[in-house]
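Spelled out, the chains give:
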Amino acid sequence: TGGSRLLEQMFQSPMTNERDINERSAIFSFFEKIKVNLPFRSEDFEEVENYVRSAQSSNRLIATIQISKSKLLNFLFNDKEYLVLNDGLHKTIELLSKIKQLVEEIEMSEKAENGTGVTSYHAKAVKMQDLLSSKYLEQALQYSGRRQLTFRQVSKLDYILRGIYNEELQELIQDLYELDVYITVSDVSRDRGFVYGIAVDKEEQFIDLKGVYHPCIPGAVANDVYIGKEKNVFFLTGANMAGKSTLMKTIATSVYLGHMGFPVAAKEMTFSVHDGIYTSINVPDNLSMGYSHFYAEVLRVKHVAQEVSSGKQLLIIF
């Protein structure tokens, strides 16, 4: 669910810098080539999330008192808190062990793809590996696979994970959300044969789409579309059901996804960074404001005209 939320945020926040766009595209492309999967179930991950979020005190004495209290309540009154904590501890250690192996696999793939081992994801991979190779987490990972732990071991490991490294582990969880998105989107791109657009400086002022088609239509007809400084207005005509709206939506979707750094349904795509997209394909009326369909359309055109006159570089589709 964390990866799902992050994916939604990415859709709501397309980028406006060619370096950022191309960097994200490069990361997706890298994961598309190496074909890795998250080595755990979502149910186990949710338990780890809950365990890590219930932070322990960074004071060793206070942490020991708190966990001793949980253990005593379990012994006297069969309270479940200690058992839940114990299970979360085990699952967290197992997950960290699997993530360490996955990060090592990613780093090996980086070196295979690029002799220096440096790709757009390299810094994030190094950050995760440094954390998982740190002194105390190395101690915790030695208990991977051991289901039976003494109270002393549980107390020590819980203090390491929720006391000393709680903030770092919460950051690691955010990194795993990103990893989930990178793997999932790149899998879709590989399965569907999509490509990644190349973003160039805003001053170039063009959109070049080759073999672009609508990603939601099986067997869709592909088209080439070029919009540049000398050719920046199109009048699209044709019979009903000829595909005019589909082509307009195809162009808008491709340009939007391109600004996210996401794969697009095309053979090639190169584009200059734009300030925004305005579409006016199905503008609704507004009964509360007393606007008819026609008047709503007029207001939309007026607003877009004001935006265009401000000097912004925009893609406009009516």
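For the structure, check the block above.
Anyway, here's the lowdown on the structure attached to this text. (Residues numbered from 1 in each chain as written. Predicted model: local features only at pLDDT ≥ 70, side-chain atom pairs only at ≥ 80, totals over all residues. Heavy atoms only, no water.)

**Overview of a nonpolar patch on the surface**
Put simply, the rule reads: By definition, no residue in a patch forms a salt bridge, and every one has over 30% relative accessible area; like charges are joined within 9 Å, nonpolar side chains (Val, Leu, Ile, Met, Phe, Trp, Tyr) within 5 Å. Using a 1.4 Å probe, the Shrake-Rupley method yields the accessible areas, and only the shown protein chains count as cover for residues. Any carboxyl oxygen of Asp or Glu within 4 Å of a side-chain nitrogen of Lys or Arg constitutes a salt bridge here. Secondary structure is summarised from DSSP: a helix means a run of H or I of at least four residues, a strand means a run of E of at least two, and numbering begins at the N terminus for each. A simple rule labels every residue: compare its accessible area, found with a 1.4 Å probe on the protein chains alone, to the largest value its type can have, and call it buried under 20%, exposed over 50%, or partly exposed in between.
Residues Leu72, Phe75, Leu76 and Phe77 make up a contiguous nonpolar surface patch of roughly 510 Å² in combined accessible area. Following the sequence through the fold, Phe77 ends up in helix α4 (residues 60–77). Residue classification places Phe77 among the exposed positions, given a relative accessible area of 62%.

**Describing the pattern of salt bridges**
A full pass over the atoms with the stated rule returns 16 salt bridges. Ionic pairing is found between Asp175 and Lys124, a salt bridge with its closest N-O pair at 3.6 Å. Residue Asp175 is located in helix α9 (residues 166–192), and its partner Lys124 is located in helix α6 (residues 122–132); the two are separated by 51 residues in the primary sequence. With relative accessibility at 5%, the residue Asp175 sits in the buried group. Across the salt bridge formed by Asp158 and Arg162, the nearest N and O atoms sit 2.7 Å from each other.

**Quick notes on the packing of aromatic side chains**
Note on aromatic pairs: each is described by the distance of the centres and the angle between the planes. Condition: Side-chain rings of Phe, Tyr and Trp, where Trp is taken by its six-membered ring, are said to pair if the distance between their centres is within 6.5 Å; with planes under 30 degrees apart they count as stacked, over 60 as edge-to-face, and otherwise as tilted.
A complete count under the given rule lists twelve aromatic pairs for this structure. Here Phe31 and Tyr182 contribute two aromatic rings whose centre-to-centre distance is 5.8 Å and whose plane-to-plane angle is 15°, an arrangement assigned as stacked. With Phe31 in helix α2 (residues 18–34) and Tyr182 in helix α9, this residue pair connects regions lying 151 residues apart in the sequence. Considered together, Phe31 and Tyr182 belong to a single accessibility category, that of buried residues. For the pair Phe45 and Tyr177, a centre-to-centre distance of 6.1 Å together with 70° between the ring planes defines the contact as edge-to-face. Placement of the pair is Phe45 in helix α3 (residues 42–53) and Tyr177 in helix α9, with a sequence separation of 132 residues. Accessibility assignment for this pair places Phe45 and Tyr177 in one class, buried.

**As for helix α1 (residues 2–12)**
Here is the rule: Working definition: the arc comes from the directions between the helix axis and the C-beta atoms, pointing outward to the latter. Only heavy atoms enter the contact rule, under which two residues are in contact if any of them lie within 4.5 Å.
Every buried residue of α1 is listed here: Gly2, Gly3, Leu6 and Met10. Here the buried residues of α1 occupy an arc of 95° about the axis, which is enough to place them on one side. The secondary structure elements touched by the buried residues of α1 are α2, α9 and α10 (244–260).

**Some points on the side chain of Ser272**
We apply this condition: A 3.5 Å cut-off defines polar contacts: any pair of N or O atoms within that distance qualifies, except that in protein one atom must be a possible hydrogen donor and the other a possible acceptor, and neighbouring residues in sequence count only when both atoms are side-chain atoms.
Tracing the backbone shows Ser272 in strand β6 (residues 268–272). A polar contact is formed between the side chain of Ser272 and the backbone nitrogen of Gln205, at a distance of 3.3 Å. A polar side-chain atom of Ser272 sits 3.2 Å from a polar atom in the side chain of Gln313. In this structure Ser272 touches Val200, Asp201, Lys202, Glu204, Gln205, Phe206, His259 and Gln313, once residues within four positions along its chain are discounted.

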